[in-house]
Amino acid sequence: MKWISILLPKKFSLQNVVCSLYVQMLEYVARQVRSNDKPFGGIQLVLCGDFLQLPPVGRNEGSSQGPAKFCFQSKAWEKCNLYTYELPKVHRQTDAEFIDILQNIRVGR
């Protein structure tokens, strides 16, 4: 991990274990291994995913820590200076009515 400069986890938002607690642990380990106090030990993160698709599934359901939270609700996430980019064009569908239905489902309408 000491030689990593950029970390690009695939479909970050869809990983069932990527909840707030997991991200905080990952951030802590990265700082320790790299002996660097910057968020994630100075590793540049490139995170891709649709956070509106599925809520996190955590192992801490019913525990003293409460239900799993999204990774962007973690303290580690707050430490990072992240930029957000939205890709608004749908590429996998061409039927405008179907796209509209899917977008409404995505936001809970």
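Thresholds applied
- Residues numbered from 1 in each chain as written.
- Predicted model: local features only at pLDDT ≥ 70, side-chain atom pairs only at ≥ 80, totals over all residues.
- Heavy atoms only, no water.
- Helix = DSSP H or I, 4+ residues; strand = E, 2+ residues; numbered from the N terminus.
- Buried < 20%, exposed > 50% of the residue type's maximum accessible area, 1.4 Å probe, protein only.
- Contact = heavy atoms within 4.5 Å.
- Areas by Shrake-Rupley, 256 points an atom, 1.4 Å probe, with all protein chains shown as cover.
- Phe/Tyr/Trp six-rings, centres within 6.5 Å; stacked < 30°, edge-to-face > 60°.
- Expected span 1.5 Å × (residues − 1).
- Arc of directions from axis to C-beta.
- Polar contact = N/O pair within 3.5 Å; in protein donor to acceptor, adjacent residues only side chain to side chain.

> Quick rundown of the overall build of the protein chain? Include the residues and the values.
Scanning the protein chain from terminus to terminus reveals 3 helices and 2 strands. Ordered by position from the N terminus, the helices and strands of the protein chain form the series β-α-β-α-α. Counting across all 109 residues of the protein chain, residues that qualify as buried make up 22%. Long-range pairs, those at least 24 residues apart, make up 64% of the contacts in the protein chain between residues at least 6 apart in sequence. Accessible surface for the protein chain amounts to roughly 8600 Å². Of this, 55% is attributable to carbon and sulfur atoms.

> Tell me what's going on with the packing of aromatic side chains, and back it up with residues and numbers.
In this description, a pair of aromatic rings is defined by centroid distance and the angle of the planes. Scanning the model with the defined rule gives 1 aromatic pair in all. Each ring, one from F72 and one from W77, has its centre 6.4 Å from the other, and the planes form 70°; the classification is edge-to-face.

> Tell me what's going on with helix α1 (residues 20–34), and back it up with residues and numbers.
Helix length check: α1 (15 residues) gives 21 Å between terminal C-alpha atoms against 21 Å at 1.5 Å per residue, within 8%. When we look at burial in α1, the residues that qualify are S20, V23, E27, A30 and R31. Across the axial projection of α1, the buried residues extend over an arc of 95°, all falling on one side. If you follow the buried residues of α1, they end up packed against α2 (75–79). In the stretch just after α1, S35 is the one whose phi turns positive, near 50°.

> Now, about helix α3 (residues 96–106): what can you tell me, with residues and values included?
Two residues of an α-helix separated by three or four positions point the same way, owing to the 3.6 residues in each turn. Between the side-chain oxygen of the N-cap and the backbone nitrogen of E97 there are 2.9 Å, and the N-cap of α3 in question is D95. Looking one or two places after α3, you find G108, whose phi comes out positive at around 80°.

Read these as layout, nothing more, since geometry by itself doesn't imply function.
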